[in-house]
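What follows is the residue order along each chain.
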Amino acid sequence: MIRLILLSGWAIDARIWSPLASHWGTSVTVEAIDWPGMGGRPALADAGASDADTGLFQQQAHPSSGLQTLAKAMGPSLSSRDGEPVIWVGWSLGALQAAALTRHLPAPDGLVRLGMGPTFCHSNGVTTSALADFRAAFRRDPTRAREHFLRWQLSGEPSPRDALRRLRTLLTPDIGADHATLEQGLATLASADIGDLLGGVPGHVSSQATDNATPVPVTSLCGATDPLLAPAVRAAMDERFEGAGHCPMLSQPARLAEAIQRHALRMLDKGKAPTSCRGPHYGDREDDDTDREATDADREVQGFDEVTP
C-alpha cells in the first residue's frame, strides 16, 4: 500500500483535494494535510522574526529558522508509518515547501510537483515585479487580494466561473487563513528556488547553494493552460493535462488522480521519476497560449499586478 500525502498551496486549504476522493485506487491510502496556519490549524509560533519578509527560504546556504520550525511541525504527518512507502504530492506553493522539507525530514519515496516549476517567478510568467505589487496589495487589503488571487488562478480552467463556484462550495464554510502565514507564503514564492533539490532542471541555473543530499525522485505535472506557469515551464513538465489550468483538481480530477497514482508507482518501481522526457499529454492540441479564448467576463481577473486594493 502506498501512502499519498496531499499538500495544498497558497490561500487554499486541504479541501481543494476533495474532488479526487472517488478516483483513488485500492493500492493507495490518501491523506490531505493542512499546512500550519491553514484550515484552522494553528500558525507557526516561532518561525523567526524575519520570515514574514524573507519567507521560509533565504538566498544563503543555511536554512531559515522558519523552515526548521515548519519541519518540526509537519514531521509527524509526513513521516512513513511502519515502513510503508510514502509519496508527497505538493501543489503550487505546497510543492516548493515540500521539496525544501526533504532536506529536513526523512525523505519520502517520491515527490509529485503539481503546478510549480523550480521557481515561482519567471520572466515569461508571473514576474518578480508583479508578485511584489501583489504583496503590497495584500498588505493593504488581505481579503480583497486573496479573493483576486482565487479568481485569477482559475482563469486557465475551461469555465472559470464554474470552477469558482465549485471552489467556493469546497471552501464553505470559509475557515480563512492566518494573515501572517499568507504573507510568509508570498515571501516564499518570491524567494524559493528548488532547482538544486530537483537534481538539475534543463535550462535552469539554481541560485541556491547545493549540498550532497541524495536527490528525491521527483515527477512534475501541470494543467496545459496553467496561467501561473510560463510556457517553457509547462513544456518542461513530465505530464500536462488538456482542459485544465492551475487547478486540475476542479477541472480534471479523474485524470489527475490517475496520473498521481501512476507516477507514484513508477517512482517506486524504477527508483526514480521520469525526468528526461514528458509523459502522456492528454488531448490532441499542443500547449499554445493562443489556442484558447475566453469571454471578457471569464477573464475579468488577469494577474497579480492588476489588483490594487
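Only a predicted model underlies this, so the values are computations on that prediction, with no experimental measurement involved. Per chain, the residues get numbers from 1 upward, laid out in the order the sequence is written. Restriction of local features to residues with pLDDT of at least 70 applies here, the model being predicted, together with a cutoff of 80 or more for giving and counting side-chain atom pairs; totals for whole chains, interfaces and linings are based on all residues. Side-chain numbers here rest on the full set of heavy atoms in the structure, without hydrogens or water.

**Student:** Mind showing me how you'd approach the overall build of the protein chain here?
**Tutor:** Secondary structure is summarised from DSSP: a helix means a run of H or I of at least four residues, a strand means a run of E of at least two, and numbering begins at the N terminus for each. In terms of regular secondary structure, the protein chain is built from ten helices and six strands. Only protein chains enter the accessibility calculation, which uses a 1.4 Å probe. A residue is then buried if its area is under 20% of the maximum for its type, exposed if over 50%, and partly exposed in between. Expressed as a percentage of the 309 residues in the protein chain, the buried residues total 54%. The contact criterion used is simple: two residues touch if any of their non-hydrogen atoms lie within 4.5 Å. Look at the contacts in the protein chain between residues 6 or more apart in sequence, and 71% of them connect residues 24 or more apart. For the accessible areas, the method is Shrake-Rupley and the probe is 1.4 Å, while residue cover comes only from the protein chains on display. Of the roughly 13,200 Å² of accessible surface on the protein chain, a fraction of 50% belongs to carbon and sulfur atoms.

**Student:** Help me out: how do you make sense of unusual backbone geometry in this one?
**Tutor:** Glycine aside, residues mostly have negative phi, and peptide bonds are mostly found in the trans state. Note that the residue after threonine 172, namely proline 173, is joined by a cis bond; omega there is 0°. Its place among the elements puts proline 173 in the loop between α6 (160–170) and α7 (179–191). A positive phi angle is found at aspartate 82, which is not glycine, with a value near 55°. Residue placement: aspartate 82 occurs in the loop between α2 (65–78) and β3 (86–91). Since its relative accessible area comes to 85%, aspartate 82 is described here as exposed. The phi torsion at serine 92 lies on the positive side, around 55°, for a residue other than glycine. Assignment of secondary structure puts serine 92 in the loop between β3 and α3 (93–101). Its relative accessible area of 5% is what places serine 92 among the buried residues.

**Student:** Could you clarify how one ought to interpret the packing of helix α4 (residues 128–140) against helix α5 (residues 142–153) in this entry?
**Tutor:** The description of two packed helices rests on the angle between their axes and on the distance between the axes. For every element, the axis is a line fit to its C-alpha atoms; helices are fit only across the contacting stretch, and the angle between N-to-C directions ranges from 0 to 180 degrees. Contact pair α4 / α5: the axes reach a minimum separation of 5 Å and the direction vectors enclose 135°. One finds that α4 runs oblique with respect to α5. Along the contact surface, α4 presents Phe134, Ala137, Phe138, Arg139 and Arg140, while α5 presents Pro142, Ala145, His148 and Phe149. Each residue is assigned to one class: nonpolar for Ala, Val, Leu, Ile, Met, Phe, Trp, Tyr, Cys and Pro, charged for Asp, Glu, Lys and Arg, and polar for all the others, Gly among them. Its residues placed into classes, the contact of α4 with α5 shows six nonpolar, one polar and two charged. Each angle receives one of four descriptions, namely roughly parallel if under 35 degrees, roughly antiparallel if over 145, roughly perpendicular if within 65 to 115, and oblique otherwise.

**Student:** Would you explain the side chain of aspartate 34 in this entry?
**Tutor:** Structurally, aspartate 34 can be placed in the loop between β2 (28–33) and α1 (51–54). Under this rule, positive means Lys or Arg and negative means Asp or Glu; His and the chain ends count for nothing. Salt bridges are defined as contacts in which a side-chain nitrogen from Lys or Arg sits within 4 Å of a carboxyl oxygen from Asp or Glu. Among buried charged residues, aspartate 34 stands out as having no salt bridge; its nearest opposite-charge side chain is arginine 15, 6.7 Å away. Polar contacts, as used here, are pairs of N or O atoms within 3.5 Å; protein pairs need one atom able to donate a hydrogen and one able to accept it. Residues neighboring in sequence count only if both atoms are side-chain atoms. Separated by 2.7 Å, the side chain of aspartate 34 and the backbone nitrogen of alanine 14 make a polar contact. Dropping the residues within four chain positions of it, aspartate 34 is found in contact with Ser8, Asp13, Ala14, Gly39, Arg41 and Met74.

**Student:** I tried to follow the side chain of histidine 263 on my own but got confused; where do I start?
**Tutor:** On the secondary structure map, histidine 263 appears in helix α10 (residues 253–270). Under the relative-accessibility criterion, histidine 263 is labelled buried at 0%.

**Student:** Explain the pattern of salt bridges to me, please; I cannot follow it from the model alone.
**Tutor:** As a working rule, side chains carrying opposite charge can pair if their charged atoms are close by. Taken as a whole and judged by the stated rule, the model has 13 salt bridges. For arginine 3, the salt bridge goes to glutamate 31, with nearest N and O atoms at 2.6 Å. Highlighted residues: arginine 3 in strand β1 (residues 2–7) and glutamate 31 in strand β2, separated in sequence by 28 residues. What makes glutamate 31 partly exposed here is its relative accessible area of 26%. As a salt-bridge pair, arginine 3 and glutamate 84 come within 3.9 Å of each other at their nearest N and O atoms. Placement of the pair is arginine 3 in strand β1 and glutamate 84 in the loop between α2 and β3, with a sequence separation of 81 residues. Here arginine 3 and glutamate 84 have matching classes, each one buried. Residues joined by salt bridges that share partners form a network here, namely Arg3, Glu31, Arg81 and Glu84.

**Student:** I would appreciate a short explanation of the environment of alanine 11 in the present structure.
**Tutor:** Structurally, alanine 11 is set in the loop between β1 and β2. Taking the C-alpha atoms as reference points, alanine 11 and arginine 146, 135 residues apart in sequence, are found 6.9 Å from one another. Those residues in contact with alanine 11, other than ones at most four positions away along the chain, are Met38, Arg146, Leu150 and Leu182.

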